[in-house]
Amino acid sequence: LRLEYRSKLLNPKWRDAMINQGSGGAYEISQRMTAMVGWAATAKVDNFVFDQASERYALDDEISKKLQKANPEAFKNVVRRLLEASGRGLWETDESTLNRLRELYSDADDLVEQVASR
(Lines give C-alpha, C1' and ligand atoms only; values in the text may rest on other atoms or scores of the structure.)
Protein backbone atom coordinates (compact mmCIF):
# COMPACT_ATOMS: atom_id res chain seq x y z
CA LEU A 1 0.00 0.00 0.00
CA ARG A 2 2.84 2.39 0.77
CA LEU A 3 4.21 1.99 -2.73
CA GLU A 4 0.78 2.57 -4.25
CA TYR A 5 0.20 5.77 -2.33
CA ARG A 6 3.71 7.11 -2.82
CA SER A 7 3.68 6.41 -6.56
CA LYS A 8 0.22 7.82 -7.20
CA LEU A 9 -1.77 9.77 -4.61
CA LEU A 10 1.20 11.37 -2.83
CA ASN A 11 3.27 11.91 -5.96
CA PRO A 12 3.14 15.59 -7.04
CA LYS A 13 3.72 14.65 -10.69
CA TRP A 14 0.76 12.27 -10.65
CA ARG A 15 -1.37 14.86 -8.84
CA ASP A 16 -0.53 17.55 -11.37
CA ALA A 17 -1.25 15.19 -14.28
CA MET A 18 -4.65 14.35 -12.80
CA ILE A 19 -5.49 18.00 -12.19
CA ASN A 20 -4.53 18.83 -15.78
CA GLN A 21 -7.09 16.26 -16.95
CA GLY A 22 -9.89 18.36 -15.45
CA SER A 23 -13.06 16.76 -14.16
CA GLY A 24 -11.98 13.19 -14.86
CA GLY A 25 -8.66 13.65 -13.09
CA ALA A 26 -10.36 15.21 -10.07
CA TYR A 27 -12.74 12.24 -10.01
CA GLU A 28 -9.77 9.83 -10.06
CA ILE A 29 -8.18 11.63 -7.11
CA SER A 30 -11.50 11.46 -5.28
CA GLN A 31 -11.80 7.72 -5.91
CA ARG A 32 -8.30 7.06 -4.64
CA MET A 33 -9.16 8.93 -1.42
CA THR A 34 -12.24 6.74 -1.02
CA ALA A 35 -10.13 3.63 -1.58
CA MET A 36 -7.55 4.84 0.94
CA VAL A 37 -10.18 5.10 3.67
CA GLY A 38 -11.45 1.66 2.73
CA TRP A 39 -7.98 0.17 2.95
CA ALA A 40 -7.34 1.92 6.25
CA ALA A 41 -10.43 0.25 7.70
CA THR A 42 -9.04 -3.19 6.95
CA ALA A 43 -5.25 -2.75 6.82
CA LYS A 44 -2.66 -0.40 8.27
CA VAL A 45 -2.38 2.88 6.38
CA ASP A 46 0.32 5.03 7.95
CA ASN A 47 -0.74 8.36 9.41
CA PHE A 48 1.72 10.19 7.15
CA VAL A 49 -0.32 9.10 4.12
CA PHE A 50 -3.38 10.94 5.42
CA ASP A 51 -1.24 13.90 6.53
CA GLN A 52 0.33 14.30 3.11
CA ALA A 53 -2.92 13.67 1.24
CA SER A 54 -4.63 16.41 3.24
CA GLU A 55 -1.72 18.80 2.65
CA ARG A 56 -1.50 18.05 -1.09
CA TYR A 57 -5.19 18.10 -1.99
CA ALA A 58 -7.31 19.91 0.58
CA LEU A 59 -5.07 22.30 2.48
CA ASP A 60 -3.03 23.53 -0.50
CA ASP A 61 -5.02 26.59 -1.59
CA GLU A 62 -3.93 26.50 -5.23
CA ILE A 63 -4.63 22.79 -5.67
CA SER A 64 -7.92 22.86 -3.78
CA LYS A 65 -9.18 25.70 -5.98
CA LYS A 66 -8.20 23.79 -9.12
CA LEU A 67 -9.98 20.67 -7.88
CA GLN A 68 -13.10 22.63 -6.93
CA LYS A 69 -13.19 24.30 -10.32
CA ALA A 70 -12.66 21.03 -12.22
CA ASN A 71 -15.11 18.93 -10.21
CA PRO A 72 -16.69 20.42 -7.07
CA GLU A 73 -18.29 17.12 -6.04
CA ALA A 74 -14.95 15.30 -6.27
CA PHE A 75 -13.26 17.92 -4.10
CA LYS A 76 -16.07 17.67 -1.57
CA ASN A 77 -15.50 13.89 -1.46
CA VAL A 78 -11.76 14.33 -0.88
CA VAL A 79 -12.45 16.48 2.18
CA ARG A 80 -15.31 14.24 3.35
CA ARG A 81 -13.04 11.19 3.26
CA LEU A 82 -10.36 12.94 5.32
CA LEU A 83 -12.95 13.91 7.92
CA GLU A 84 -14.34 10.38 7.87
CA ALA A 85 -10.87 8.90 8.42
CA SER A 86 -10.39 11.09 11.46
CA GLY A 87 -13.85 10.38 12.80
CA ARG A 88 -13.35 6.64 12.49
CA GLY A 89 -9.98 6.78 14.26
CA LEU A 90 -8.04 5.87 11.12
CA TRP A 91 -6.11 9.14 11.07
CA GLU A 92 -4.80 11.18 13.98
CA THR A 93 -4.43 14.90 13.32
CA ASP A 94 -4.70 18.14 15.23
CA GLU A 95 -7.88 20.08 15.86
CA SER A 96 -6.81 23.05 13.73
CA THR A 97 -6.46 20.77 10.68
CA LEU A 98 -9.88 19.28 11.36
CA ASN A 99 -11.42 22.74 11.73
CA ARG A 100 -9.91 23.83 8.41
CA LEU A 101 -11.22 20.67 6.74
CA ARG A 102 -14.69 21.31 8.19
CA GLU A 103 -14.61 24.84 6.77
CA LEU A 104 -13.52 23.54 3.38
CA TYR A 105 -16.27 20.94 3.44
CA SER A 106 -18.90 23.52 4.29
CA ASP A 107 -17.67 25.80 1.51
CA ALA A 108 -17.59 22.91 -0.96
CA ASP A 109 -21.09 21.89 0.03
CA ASP A 110 -22.32 25.44 -0.52
CA LEU A 111 -20.68 25.46 -3.94
CA VAL A 112 -22.21 22.13 -4.95
CA GLU A 113 -25.62 23.22 -3.69
CA GLN A 114 -25.10 26.61 -5.41
CA VAL A 115 -25.55 28.51 -2.16
CA ALA A 116 -22.35 30.48 -2.69
CA SER A 117 -20.92 31.93 -5.85
CA ARG A 118 -17.62 30.76 -7.31
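Note that the structure is predicted; figures quoted are calculated from it, not measured.

The rules behind the values
Residues numbered from 1 in each chain as written. Predicted model: local features only at pLDDT ≥ 70, side-chain atom pairs only at ≥ 80, totals over all residues. Heavy atoms only, no water. Phe/Tyr/Trp six-rings, centres within 6.5 Å; stacked < 30°, edge-to-face > 60°. Helix = DSSP H or I, 4+ residues; strand = E, 2+ residues; numbered from the N terminus. Axes fitted to C-alpha atoms, helices over the stretch in contact; angles between N-to-C directions. Parallel < 35°, antiparallel > 145°, perpendicular 65-115°, else oblique. Left-handed = near helix turned anticlockwise from the far one by under 90°. Contact = heavy atoms within 4.5 Å. Nonpolar A, V, L, I, M, F, W, Y, C, P; charged D, E, K, R; others polar. Salt bridge = Lys/Arg side-chain N within 4 Å of Asp/Glu carboxyl O. Buried < 20%, exposed > 50% of the residue type's maximum accessible area, 1.4 Å probe, protein only.

Peer 1: Sorry if this is basic, but what is going on with the packing of aromatic side chains here?
Peer 2: Between two aromatic rings, the relevant description is the distance of the centres plus the angle of the planes. Taken as a whole, this structure holds one aromatic pair when the rule is applied. Summarising the aromatic geometry, the rings of F50 and W91 are spaced 6.0 Å apart at their centres and angled 25° between planes, so their arrangement reads as stacked. Of this pair, F50 sits in helix α4 (residues 47-58) while W91 sits in the loop between α6 (72-87) and α7 (95-112), and the two are 41 residues apart along the sequence.

Peer 1: Is there a simple way to explain the packing of helix α3 (residues 23-42) against α6 in this structure?
Peer 2: Two numbers describe a pair of packed helices, the interaxial angle and the distance between the axes. Relative to each other, α3 and α6 sit at 15°, their axes nearing to 8 Å. One finds that α3 runs roughly parallel with respect to α6. In the crossing of α3 with α6, the sense of the turn from one axis to the other is left-handed. Taking contact as the criterion, the partners of A26, Y27, I29, S30, M33, T34 and V37 in α3 are, on α6, A74, N77, V78, R81, L82, E84 and A85. Of the residues assigned to the contact of α3 with α6, the class counts are nine nonpolar, three polar and two charged.

Peer 1: What is the right way to look at the pattern of salt bridges in this model?
Peer 2: Side chains that carry opposite charge are capable of pairing whenever their charged atoms lie near each other. Inspection of the entire model under this criterion finds nine salt bridges. Where E84 meets R81, a salt bridge forms, and the shortest distance between an N and an O atom there is 2.7 Å. Placement of both E84 and R81 in helix α6 is noted, with a separation of three residues, approximately one turn of the helix. Judged by relative accessible area, E84 falls into the partly exposed class, the value being 22%. For the salt bridge of E84 with R88, the shortest nitrogen-to-oxygen distance reads 2.8 Å. Assessed through its relative accessible area of 46%, R88 is described here as partly exposed.

Peer 1: So what exactly am I meant to see when it comes to the environment of T93 here?
Peer 2: Structurally, T93 is set in the loop between α6 and α7. Spatially, the C-alpha atoms of T93 and Q114 are 30 Å apart, while their sequence positions differ by 21 residues. Setting aside residues up to four positions removed in sequence, T93 forms contacts with D51 and L98.

Peer 1: Honestly, the packing of helix α2 (residues 12-20) against helix α5 (residues 61-70) in this entry has me stumped. Any pointers?
Peer 2: Contact geometry of α2 with α5 gives a least axis separation of 10 Å together with a crossing angle of 35°. The two elements α2 and α5 cross, and the hand of that crossing is left-handed. Where α2 approaches α5, its residues R15, D16 and I19 are matched on the opposing element by I63, K66 and L67. In terms of residue class, the contact of α2 with α5 is built from three nonpolar, no polar and three charged.

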